[in-house]
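Chain residues, written in single-letter form:
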Amino acid sequence: MEQPAHGGEPAGAAGDAAETLDHPLPEGVRRRVVALVADAFGGLTVAELPAPLRQYARFTASRRAKFAGNAMAAALESDPLFRQRIGERFKQGQPELAGAVETGNPPAAADPVDVAAAAYVLRPPGWIKLVAAAGEEAQRADAERADEAGRRELERLREELAAAQDRSRSETEQLRRDLETARKEAESLQRKLRSAQSDVKRGEAALRKVQGEIEAARAESAAQVSAAESETRRLKARLGEVEAALEASRRTAREGRSVEDMRLRLLLDTVLDAAQGLRRELALPPVSVHPADTVDAVEPGRMSPKDIAARALSETDPALLDQLLALPQAHLVVDGYNVTKTGYPAMPLEKQRLRLLGGLSALAARSGAEVTCVFDGAELAAPVLLAPPRGVRVLFSKPGVTADELIRQLVRAEPPGRPVVVASTDREVADGVAKAGARPVASALLLKRLSRLS
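Residues numbered from 1 in each chain as written. Predicted model: local features only at pLDDT ≥ 70, side-chain atom pairs only at ≥ 80, totals over all residues. Heavy atoms only, no water.

Undergrad: I'd like a rundown of the overall build of the protein, residues and numbers included.
TA: When helices and strands are tallied, the protein shows 17 helices and five strands. When the 454 residues of the protein are sorted by exposure, 27% land in the buried category. A separation threshold of at least 6 residues defines the contact pool for the protein, and within that pool the share at least 24 residues apart is 59%. Of the roughly 30400 Å² of accessible surface on the protein, 55% is carried by carbon and sulfur atoms. (Helix = DSSP H or I, 4+ residues; strand = E, 2+ residues; numbered from the N terminus. Buried < 20%, exposed > 50% of the residue type's maximum accessible area, 1.4 Å probe, protein only. Contact = heavy atoms within 4.5 Å. Areas by Shrake-Rupley, 256 points an atom, 1.4 Å probe, with all protein chains shown as cover.)

Undergrad: Can you explain the pairing of strand β2 (residues 370-375)? Please cite residues and give values.
TA: Most of β2 is tucked away, with five of its six residues classed as buried. Direction of pairing for strand β1 (residues 331-335) relative to β2: parallel, over a ladder of five bridges. When the bridges of β2 are listed, D335 appears paired with V374. Relative to strand β3 (residues 392-396), β2 is paired through five bridges, and the arrangement is parallel. By the bridge assignment for β3, F375 is matched with F396. (Pairing = 2+ DSSP bridges.)

Undergrad: Describe the sheet that holds strand β4 (residues 420-423), and please don't skip the residues or the numbers.
TA: Two modes of strand pairing occur in sheets, parallel and antiparallel, and in both the strands are linked by backbone hydrogen bonds. The strand order across the open sheet formed by five strands is β3-β2-β1-β4-β5, and the pairing between neighbours is parallel. Looking at which strands have only one partner, the edges of the open sheet turn out to be β3 and β5 (439-441). For this sheet the average axis-to-axis angle between neighbouring strands, irrespective of direction, equals 20 degrees. This element, helix α12 (residues 318-325), spans β1, β4 and β5 of the sheet and lies at about 150 degrees to β5. Lying on the sheet, helix α14 (residues 349-367) is in contact with β1, β2 and β3; it crosses β2 at an angle near 165 degrees. (Axes fitted to C-alpha atoms, helices over the stretch in contact; angles between N-to-C directions.)

Undergrad: With reference to specific residues and values, describe the packing of aromatic side chains.
TA: A full pass over the atoms with the stated rule returns two aromatic pairs. Plain terms: the ring middles of Y337 and F375 are 4.9 Å apart, the flat faces sit at 55 degrees to each other, and that makes the pair tilted. Of this pair, Y337 sits in helix α13 (residues 336-343) while F375 is found in strand β2, placing the two residues 38 residues apart along the sequence. Across the pair, exposure class does not vary: Y337 and F375 are buried alike. Clustering of aromatic rings is evident, with ring pairs tying together Y337, F375 and F396. Sitting above the plane of the F59 ring, R63 keeps its charged end 4.3 Å from the centroid. Its guanidinium or amino end placed over the ring of Y337, K341 lies 5.5 Å from that ring's centre, counting from NZ or CZ. (Phe/Tyr/Trp six-rings, centres within 6.5 Å; stacked < 30°, edge-to-face > 60°. Lys NZ or Arg CZ within 6 Å of the ring centre and 35° of its normal.)

Undergrad: Account for the nonpolar core, naming residues and giving values.
TA: Counting 37 residues, the largest nonpolar core has V33, M72, L76, F82 and I86 as the members making the most contacts within it. Considering each element in turn, this core owes the most residues, nine residues, to helix α8 (residues 112-122). Not counting the four nearest positions on each side in its chain, V33 is found in contact with L76, A117, Y120 and V121. (Core = buried A, V, L, I, M, F, W, Y, C linked by side-chain atoms within 4.5 Å.)

Undergrad: I'd love a proper account of the environment of R58, names of residues and values included.
TA: Note on placement: R58 falls in the loop between α3 (27-41) and α4 (61-67). On the accessibility criterion, R58 (84% relative accessible area) is exposed. In sequence terms R58 and F41 are 17 residues apart; their C-alpha atoms lie 10.0 Å from each other.

Undergrad: So what's going on with the packing of α13 against helix α17 (residues 443-453)? Which residues, and what values?
TA: For the pair α13 and α17, interaxial distance at closest approach is 9 Å and the crossing angle is 70 degrees. Taken together, the axes of α13 and α17 are roughly perpendicular relative to one another. Listed contacts from α17 to N338, V339, T342 and G343 of α13 are S443, L446 and L447. Residue composition of the contact of α13 with α17, by class: three nonpolar, four polar and no charged. (Parallel < 35°, antiparallel > 145°, perpendicular 65-115°, else oblique. Nonpolar A, V, L, I, M, F, W, Y, C, P; charged D, E, K, R; others polar.)

Undergrad: Before we move on, can you summarise the side chain of S361 with the specific residues and values?
TA: If you trace the backbone, S361 turns up in helix α14. Each residue touching S361, except ones within four places of it in the same chain, is listed here: P389, R390 and V392.

Undergrad: Which residues make up the packing of helix α7 (residues 95-103) against α8, and what values go with them?
TA: Following both chains from N to C, one finds α7 and α8 inclined at 70 degrees, their axes separated by 10 Å at the closest point. Regarding the angle of α7 to α8, the classification is roughly perpendicular. Each of L97, A98, V101 and E102 in α7 lies in contact with α8, whose residues at this interface are D114, V115, A118, A119 and L122. The class makeup of the residues in the contact of α7 with α8 is seven nonpolar, no polar and two charged.

By themselves these figures say nothing about function.
What follows is the structure in structure tokens.
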């Protein structure tokens, strides 16, 4: 590794101290300096690089220029040793340009930006003038390019203006033609309007004529109505005569009724024979159900919920619930949260539901009764993910509908006479379902029955 001269400061540092830029590098010169450093970067070892630049050691030259441009420019300005190493790599790559810049006689044909970038890296005496001259040359080039771009833009605008004028002339001509066509159409419409006005006048005259004919027809109709009324009166008189003749005919018909009876009997026998043939053809089964069988009632020997309620069993005896569920087609409706908050209120709602539904599933399997468990869904923020157990129908009330209302709807939906048992301690629920024909039982009774299944 090269050692700096005079105890740590490389050669040329004194010149740097004497000559410093008092303004930023021109942008073109800065880009060329970054590209020059990025190319020379790859010839240095990691140890020779300043610490901030070592992370870019494995980058390609183009990626170093893109991602480490600012860091390389800062290191080149603040680290004389790094600048000296970059200058040596530049001398090896472009010895002719480097030698000419160091002697202060850059080639006249060389790009001023290249000369300024080399002077900034090598820092020969008078390098600031070379950088300033390159900046001025770049500004002149930018101004010339801007002038050229302005001339091209002006030429383009002139061409667009000429094209717009051409389009305007063609559009004006088209508008003149359209205006002439519209004028001709207006004249044609005026002629048609005058013809239509003449037709209207003729129509009005025809209408007046028709109105006169209508008035005449009305007068004639009035005369015909009067004649019809006279004819009606005559026909009524004639009707009275016909009714008298009809009564005489009936008396005559009664005398010959025996002949008609014989003919009617013959027709009836023919219809009966045809019906029997049709029944054989259709092969209809014999009637096994009669209309009286479709009427819902309590047959002798069958117990209803009221019969069981009259027996000498305590309202808290689980045997009472067993007897109710043993009725044919019994339906048990459970007020879910009323039961769970009576039996185990300290548990979370999810565990309350699971415990109750597990017991109801076992009760349904043992009793064979239909079981429906109703929970209040008004406070739910989202649908409950719950797999109903076997034999138990689980329902949540809709928003705006309480579980009590849903239970009353379920009871009203049942046909009269079916045994329906409602488990709830809510007095309003019990009274409401009792009026609808259901048998209310306390939640504690259901909880006692479920505890025996555990």
